[in-house]
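Architecture at a glance
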Amino acid sequence: MTGGSRAGWYVRRLRRMSPAEVGHRAVDAARRQAWARRRVAPGAVAPPPGALTDRGFGSVLPAAAREQVPADAAAAVVRAADRVLEGRWEALGVLRPDSAAPDWFHDPVTGRTAPQDRLAFRVAHRDETVTGNVKQVWELSRHHQVTTLAAAWWLTGDERYADAAAGQLRSWWQANPFLSGVHWTSGIEIGLRLVAWAWTRRLLDDWPKVGDLFEGDDDALRQIRWHCEYLAAFPSRGSSANNHVVAEAAGLLVGACAFDWFPRSARWRSDAARLLERELAANTFPSGVNRELATDYHRFVLELALVAAVEADAAGRPLSPATWLLVARSLDAAVAVLDSAGRPPRQGDGDEGRALVVDDPEGDPWAAVLGAGAALVGPMPWWPAAPEASVESVVLGAVGRRHPVDGPGERASRRPRSFADAGLTVLRSRPEDGPELWCRCDGGPLGFGSIAAHGHADALSVEVRYDGVELLVDPGTYCYHGEPVLRQWFRSTAAHNTLELGGVDQCDAGGPFLWMTHPRTTTLRQEPGDAPVRLWEAAHDGYTRLPVPLVHRRLVTLDSPARTLTVVDDVTGPVGSSGPAGAAVPLRLSWHLGPAVDVDLGDRTARLAWTAQDGRRTARLRLPGDLTWTAHRGEDDPPLGWYSPRFGRRVPSTSLVGTGSGAAGTHLVTVLELT
């Protein structure tokens, strides 16, 4: 980001702030200026840690917990720890050969080194020329590889893992004194480190040298105090108070409960608990769906809540019943939207954020979180299957206590099919009609708050799966920093299974995490219930800002016995619009196919084929004849035909694009026929 573009971004960002938020940020700026005098340069003499003399660690794991870990889960953690020691650990899709002895400031993507000896408040962490790809720089400093090493020691007693975990912590503590360098620029990173340190201390509790590493080490004590002080002073506010503030509050609560070794620990704990409970409620619809409407962040925030609530339990300061009810509803919402293979939707951004890593990170994070939730609040009878035990579910269940939420009306008595407050509907075929035909329909807001940072321009888009195989896909996220063209494409209207009008997105982008306009989406009718034919209909006004104001309306019908999915797109003029009657604009309808799907595009029909567990499967996609259809795969200029299976990776997939012109009265019909 150049100086000019940075200035423009700040102006646009300021426009999305309330007067109260501007005032809070002014206070924060003044506090940062005052705190600059407290900075400790690398190698300088640091002040005393200011810890209490009584520094016990009481919330340990019971001895029986180790025996409850399934053998395959334990073996997977040990293999993951070996990858750390052998330099085969991956961070956000990138192999990190330095994982055994990390360079805490190196970005392997760009080759750049982020600032270490600079006041953190003056590090432009959004500028790749300054820090490199900052997500890569930050990732190893979340210390998930350290908790993996600690978990491997807890399971095996092998000294190599404990020594390696201790070595990495000491290295980081010495290289990152207070307010020096890139690792003091983001509160979410600071909060996640405190969680990692608390669980490293807990998992190493029986290691003879653990006291020397934590209670008896001035560097450790200083870092814990500094991290807590920072989080207490600089919470994310206003339009930034999304998953970041939840992670900050969770980290402070965990740090203050686990390491209650400082005069202000009780104050930090009570303030963090209040902030966490308030922001969890603000970030969650009453139905339990996360307001960012980014499925991966639903899981991340849910895991943060579970980890923090368990730590509060262990400290004898449990969170309120209202918060546990919210957690239970979030769990139920997460389970309700899974497909028959146990896979979640791919709505909105996702960067694989984790609150706690004590299982093999290559495994399924959803299974680990849902298993932990089941251990703490209990599954509902309608859950498709009890989640398998994992290291995470065992240790959280062992340290926390059960909070069964089963009062009348508190949780859904049957599997929800739609969440009206979130505009999220899942249409499913009936079990008696054969393998599951699953369709997620998006009729909700763009995202959370005034900037909708992790939302995509995907109103009225659909995802479609058959027997767990992705047929029509949401391409995913791929990246946040470093590749602005791809960042914008993956969150654009054209990258989703919906209609683009006028050659522009449904909303105006102001930056990689900033939307300047938000389309209003209205669900007109839905019948996702038990009938053989299920349907959903919605409309959005994102294109009323065009010179010729237009509204996109979509009807999706799933006919379970016939094994068909029909999508009807209508373009209308808004009520009371004054645009030229009948004027046409460029129109593009996109159908993005899963990477496992082979495509043969003919005249108005695409033949689809893929390999399933029981052999080769086929389908037909009947396309609107009024459009000109082309197939694209793995193209870069402009981007088209890509799928991101996980953050940092993209693979070619086929996109079918129909182009033409549209005006009020345009009517398009697409039919997917399973054969």
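To be clear, the structure that these remarks concern was listed above.
To start, this report covers the structure provided alongside it. These figures come from a predicted structure and were not determined experimentally. (Residues numbered from 1 in each chain as written. Predicted model: local features only at pLDDT ≥ 70, side-chain atom pairs only at ≥ 80, totals over all residues. Heavy atoms only, no water.)

Moving on: the nonpolar core. Trp-154, Trp-197 and Phe-214 are the most contacted members of the largest nonpolar core, which has 147 residues in total. If near-sequence neighbours (up to four positions away) are discounted, Phe-214 is found in contact with Leu-169, Trp-173, Trp-197, Thr-200, Arg-201, Ala-220, Leu-221, Ile-224, Phe-259 and Trp-261. In this structure, Tyr-466, Val-585, Val-597 and Ala-619 belong to the second largest nonpolar core, which totals 43 residues. (Core = buried A, V, L, I, M, F, W, Y, C linked by side-chain atoms within 4.5 Å. Buried < 20%, exposed > 50% of the residue type's maximum accessible area, 1.4 Å probe, protein only. Contact = heavy atoms within 4.5 Å.)

Turning our eyes to something else, we now look at the packing of helix 3 (residues 71-85) against helix 7 (residues 159-175). Between helix 3 and helix 7, whose axes approach to 11 Å, the crossing angle comes to 50°. Our classification of the angle between helix 3 and helix 7 gives oblique. Relative to helix 7, helix 3 is oriented so that their crossing is left-handed. Mapping the contact onto sequence places Val-78, Ala-81, Asp-82, Val-84 and Leu-85 in helix 3 and Arg-160, Tyr-161, Ala-164 and Gln-168 in helix 7. Partitioned by chemical class, the residues of the contact of helix 3 with helix 7 number 6 nonpolar, 1 polar and 2 charged. (Axes fitted to C-alpha atoms, helices over the stretch in contact; angles between N-to-C directions. Helix = DSSP H or I, 4+ residues; strand = E, 2+ residues; numbered from the N terminus. Parallel < 35°, antiparallel > 145°, perpendicular 65-115°, else oblique. Left-handed = near helix turned anticlockwise from the far one by under 90°. Nonpolar A, V, L, I, M, F, W, Y, C, P; charged D, E, K, R; others polar.)

Turning next to the pattern of salt bridges. Tallied over the entire structure, the rule returns 57 salt bridges. Close ionic contact of Arg-440 with Asp-474 constitutes a salt bridge, the shortest N to O distance being 4.0 Å. Here the residue Arg-440 occupies a position in strand 5 (residues 437-442), and Asp-474 occupies one in the loop between strand 7 (469-472) and helix 17 (484-490), the gap between them amounting to 34 residues. Considered together, Arg-440 and Asp-474 belong to a single accessibility category, that of buried residues. Close ionic contact of Arg-545 with Asp-508 constitutes a salt bridge, the shortest N to O distance being 3.0 Å. On the criterion of sequence distance, the pair formed by Arg-545 in the loop between strand 12 (533-540) and strand 13 (551-559) and Asp-508 in the loop between strand 8 (499-501) and strand 9 (509-511) is long-range, its members being 37 residues apart. The class for Arg-545 is partly exposed, based on a relative accessible area of 30%. The partly exposed category is assigned to Asp-508, whose relative accessible area is 34%. Beyond isolated ion pairs, a larger network of salt bridges with shared partners links Asp-339, Arg-343, Arg-346, Arg-440, Glu-463, Arg-465, Glu-470 and Asp-474. (Salt bridge = Lys/Arg side-chain N within 4 Å of Asp/Glu carboxyl O.)

Bringing the pairing of strand 13 into the picture now. By the bridge criterion, 8 bridges tie strand 12 to strand 13 in an arrangement that is antiparallel. The residue of strand 13 that forms the bridge with Ala-538 is Arg-554. Relative to strand 14 (residues 564-572), strand 13 is paired through 9 bridges, and the arrangement is antiparallel. Paired with His-552 across the bridge in strand 14 is Val-571. Hairpin connection from strand 13 to strand 14: 4 residues lie between these consecutive antiparallel strands, with Arg-563 at a positive phi of about 60°. (Pairing = 2+ DSSP bridges.)

Turning our eyes to something else, we now look at helix 15 (residues 365-377). Look at helix 15: 18 Å from first C-alpha to last across 13 residues, which is about the 18 Å you get at 1.5 Å a residue. The buried fraction of helix 15 amounts to 10 of the 13 residues, a majority that puts the element mostly inside the structure. Among the residues making up helix 15, those that are buried are Trp-366, Ala-368, Val-369, Leu-370, Gly-371, Ala-372, Gly-373, Ala-374, Leu-376 and Val-377. If you follow the buried residues of helix 15, they end up packed against helix 13 (295-314), helix 14 (321-336) and helix 16 (391-399). In this structure Asp-364 caps helix 15, since a side-chain oxygen of it lies 2.9 Å from the backbone nitrogen of Trp-366. Two residues or fewer past helix 15, Gly-378 is found with a positive phi of approximately 90°. (Expected span 1.5 Å × (residues − 1). Polar contact = N/O pair within 3.5 Å; in protein donor to acceptor, adjacent residues only side chain to side chain.)

Going through the model one piece at a time under the given rule, you end up with 20 aromatic pairs. Each ring, one from Tyr-230 and one from Phe-234, has its centre 5.1 Å from the other, and the planes form 50°; the classification is tilted. Judged by relative accessible area, which is 3%, Tyr-230 ranks as buried. When its relative accessible area of 4% is taken as the criterion, Phe-234 is described as buried. Within the aromatic cluster, the residues linked to one another by ring pairs are Trp-35, Phe-121, Phe-178, Trp-184, Trp-226, Tyr-230 and Phe-234. Directly above the aromatic system of Trp-199 lies the positively charged group of Arg-202, at a separation of 4.5 Å from the ring centroid. (Phe/Tyr/Trp six-rings, centres within 6.5 Å; stacked < 30°, edge-to-face > 60°. Lys NZ or Arg CZ within 6 Å of the ring centre and 35° of its normal.)

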